[in-house]
Amino acid sequence: MQTPSSSSSSSAPRRYWLLVVFLVLASALGSFFNDMFTPALPAMCRFFHTSVPTMQMGITTGMIGLALGQFLLGPLSDRYGRKPILICSLLLFIVAAVVSVYSTSVHFFIWCRLFQGLGASGGYFLARTMPADIYSGRPLAKLMALVGAINGVAPASAPVFGGVASDTWGWQSVFVILAVFAAVVLVISHWVKESLPPSRRATGSWLSLFGGYAGLVRRRPFMVHVCFKGLALGILFAYISASPYILQNHYGLSQTVYGLVIGANALFVVTGSMLALRFRPLKRAAFAGSGLVLAAVAAQAYALWHVHSIWVFEGCTVIMLLGLGLIFTTTNTLSMNEGRDRAGEASAILGISGYVVGAVAAPMVGMGNVLHSTAIVYLSLACATFVCAIASRRLAPDLDTQSGK
């Protein structure tokens, strides 16, 4: 028979890994929401008889929903707790995903994507918020890196599942699978404890709930890392938006093979996420990552104009994604560590930054010649990201001294 102390000790690892699994699945919903239907984009253009930029508005509108949802739900989760917000958002996502299956026009589908984004935003930003409720400093960095690395399975597998499903059953099957996935997350949430106790919740009027945003945007270290993450995420979304047309239309890959290639590429983000923990102070990882991204993007931009080789395209892409992985772990951790006293709003601002940039970048890569417009968008964002890396490097050492630098 176990003593109370031994029982508590043995249950702690189980609780930790249950939290890890839950956070992975909750954040993966955001990745699946964006990545799973990208292999079907060319086929959906044909189904709806619409243009590439119009179809890419489905990505843009989804990003707007993710950004708006995080803006609204961040303060509400600080007041009412994390789990009630998560449950409501997942139910909204399930309904919007099912309704989108019956779309008869591209405009109706785009509206469905907006509500899907609103629903997916709950799990996506709470996967950053809940760790900051419990941990700080390097323990926070380790948990977020672990979740980020394991969650690399999402962008690695989502295009594969999406490509196979859309090839076999049509694009509608993608959204049926997404609805089922959200339902699974909803069921698992029953066993996850609320991370924000009533004693730590925000009080006051509804209007005052949003006042925390003003204080956070005045914190220079927080905003430097928010902008850093947002611009880097914009590169990733530009890549997600452009790659179906480059790899399928230009290089002739099928939807299924495209999904396998994109899935393999995503593993380099995972590698970068784990490598970031080897840097001390942690922010050096982001600076190294920004240098890799800038070098890879510069070579990629030249290749997209002049070389036209799938092997060169892939070589530059995997180096770029490795650098982005280094950036994501670092900027997520430092932003949430600096804003953990208002974790809901901090996570919302961090998430919104990427989707605002992504919502602009996604349709721009489809304007005119996709190869040329992608090169221009990549290079512009990579240069801006490197500027943020320099600003981050000039800040004081990151993380608190008790948790280690």
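Scope of this entry: the structure provided in the associated data block. Note that the coordinates shown come from a computational prediction; the quantities given were computed from them, not determined experimentally. (Residues numbered from 1 in each chain as written. Predicted model: local features only at pLDDT ≥ 70, side-chain atom pairs only at ≥ 80, totals over all residues. Heavy atoms only, no water.)

With that out of the way, let us pick up the overall build of the protein chain. A tally of regular secondary structure across the protein chain gives 16 helices and zero strands. For the protein chain, the C-alpha radius of gyration of 20 Å lies close to 22 Å, the compact-globule estimate for 405 residues. Overall, the C-alpha framework of the protein chain stretches about 60 × 50 × 45 Å when taken along its three principal axes. Counted over contacts in the protein chain with a minimum sequence separation of 6, partners at least 24 positions apart contribute 86%. One way to put it: in the protein chain the 26 positive side-chain charges average out to a point 5 Å from where the 11 negative ones average out. (Helix = DSSP H or I, 4+ residues; strand = E, 2+ residues; numbered from the N terminus. Rg over C-alpha atoms; globule rule 2.2 N^0.38 Å. Contact = heavy atoms within 4.5 Å. Lys, Arg positive; Asp, Glu negative; His and termini not counted. Charge placed at Lys NZ, Arg CZ, Asp CG, Glu CD.)

It is worth spelling out helix α11 (residues 220-250) at this point. The first and last C-alpha atoms of α11 sit 43 Å apart over 31 residues, in line with the 45 Å expected at 1.5 Å per residue. With respect to burial, α11 is a largely interior element, 25 of its 31 residues being buried. Two residues or fewer after α11 comes Gly-252, characterised by a positive phi angle close to 80 degrees. (Expected span 1.5 Å × (residues − 1). Buried < 20%, exposed > 50% of the residue type's maximum accessible area, 1.4 Å probe, protein only.)

This paragraph deals with the nonpolar core. In this structure, Met-55, Met-320 and Leu-324 are the most contacted members of the largest nonpolar core, which totals 99 residues. If we skip the residues at most four places from it in the chain, Met-55 touches Leu-41, Met-44, Cys-45, Phe-48, Thr-50, Val-106, Phe-109 and Tyr-245. (Core = buried A, V, L, I, M, F, W, Y, C linked by side-chain atoms within 4.5 Å.)

The next thing to look at is the side chain of Ser-373. Residue placement: Ser-373 occurs in helix α16 (residues 370-393). For Ser-373, a relative accessible area of 9% corresponds to the buried category. Excluding residues that lie within four positions of it along the chain, Ser-373 makes contacts with Met-364, Val-365, Gly-366 and Met-367.

Summed over all chains, the structure comprises two salt bridges. Put simply, Arg-82 and Asp-78 hold a salt bridge, and the shortest N to O gap is 2.8 Å. Here the two residues Arg-82 and Asp-78 agree in accessibility, since each one is buried. Of the charged contacts in the structure, one is a salt bridge between Arg-82 and Asp-133, with a shortest N-O distance of 2.8 Å. Taken together, the residues Arg-82 in helix α4 (residues 82-100) and Asp-133 in helix α5 (residues 106-134) connect sequence positions 51 residues apart. Looking at Arg-82, the relative accessible area reads 1%, which means it is buried. (Salt bridge = Lys/Arg side-chain N within 4 Å of Asp/Glu carboxyl O.)

Moving on: the packing of helix α2 (residues 41-48) against helix α3 (residues 52-80). Axes are the key here: two packed helices are described by the angle between their axes and the distance separating the axes. In contact at an axis separation of 10 Å, α2 and α3 are set at 115 degrees when each is read in the N-to-C sense. As α2 runs across α3, the sense of the crossing is right-handed. Residue-level inspection shows Leu-41, Met-44, Cys-45 and Phe-48 of α2 in contact with α3, the latter providing Val-52, Met-55 and Ile-59. Across the contact of α2 with α3, the residue classes tally to seven nonpolar, no polar and no charged. (Axes fitted to C-alpha atoms, helices over the stretch in contact; angles between N-to-C directions. Left-handed = near helix turned anticlockwise from the far one by under 90°. Nonpolar A, V, L, I, M, F, W, Y, C, P; charged D, E, K, R; others polar.)

Our next topic: the packing of aromatic side chains. Scanning the model with the defined rule gives 15 aromatic pairs in all. Seen in terms of ring centroids, Phe-48 and Trp-171 are 5.5 Å apart; in terms of plane orientation they differ by 50 degrees. Their pairing is tilted. You can see Phe-48 sitting in helix α2 and its partner Trp-171 sitting in the loop between α7 (153-169) and α8 (172-188), a full 123 residues away along the chain. Trp-171 matches Phe-48 in its accessibility class, with the two residues each being buried. (Phe/Tyr/Trp six-rings, centres within 6.5 Å; stacked < 30°, edge-to-face > 60°.)

Take the environment of Met-63 next. As for its position among the elements, Met-63 is in helix α3. Residues Met-63 and Val-106, spaced 43 residues apart in sequence, show a C-alpha to C-alpha distance of 17 Å. If we skip the residues at most four places from it in the chain, Met-63 touches Phe-237, Tyr-355, Gly-358, Ala-359 and Ala-362.

To continue, consider helix α14 (residues 310-338). With 29 residues, α14 should cover 42 Å at 1.5 Å per step; its first-to-last C-alpha distance of 41 Å lies within 8% of that length. Burial within α14 is extensive, with 22 of its 29 residues counted as buried.

Where helix α13 (residues 283-306) contacts α14, the two axes come as close as 7 Å, and the packing angle between them is 155 degrees. One element, α13, and the other, α14, form an angle in the roughly antiparallel class. Of the two possible hands of crossing, α13 and α14 adopt the one that is left-handed. When grouped by side-chain class, the residues that make up the contact of α13 with α14 number 20 nonpolar, six polar and one charged. (Parallel < 35°, antiparallel > 145°, perpendicular 65-115°, else oblique.)

The next thing to look at is the state of the cysteines. Applying the stated criterion to the full structure yields zero disulfides. For the unlinked cysteine Cys-45, the closest cysteine sulfur is that of Cys-112, found at 17 Å. (Disulfide = S-S within 2.5 Å.)

Turning our eyes to something else, we now look at the environment of Ala-120. Among the secondary structure elements, Ala-120 is positioned in helix α5. Among the residues examined, Ala-120 registers a relative accessible area of 0% and is labelled buried. With 129 residues separating them in the primary sequence, Ala-120 and Asn-249 have C-alpha atoms 29 Å apart. Every residue in contact with Ala-120, bar those within four places of it in the chain, is listed here: Leu-29, Phe-33, Leu-66 and Phe-93.

A cis amide bond links Arg-280 with the next residue in sequence, Pro-281, at an omega value of -5 degrees. Of note, Pro-281 is situated in the loop between α12 (255-275) and α13. Even without glycine at this site, His-308 takes up a positive phi of about 55 degrees.

Next up on the list: a nonpolar patch on the surface. A contiguous nonpolar patch, built from Leu-18, Val-187 and Trp-191 and spanning about 310 Å² of accessible area, is present on the exposed surface. Within the fold, Trp-191 resides in the loop between α8 and α9 (206-209). By relative accessible area, Trp-191 is classed as exposed at 55%. (Patch = residues over 30% accessible without salt bridge, like charges linked within 9 Å, V, L, I, M, F, W, Y side chains within 5 Å. Areas by Shrake-Rupley, 256 points an atom, 1.4 Å probe, with all protein chains shown as cover.)

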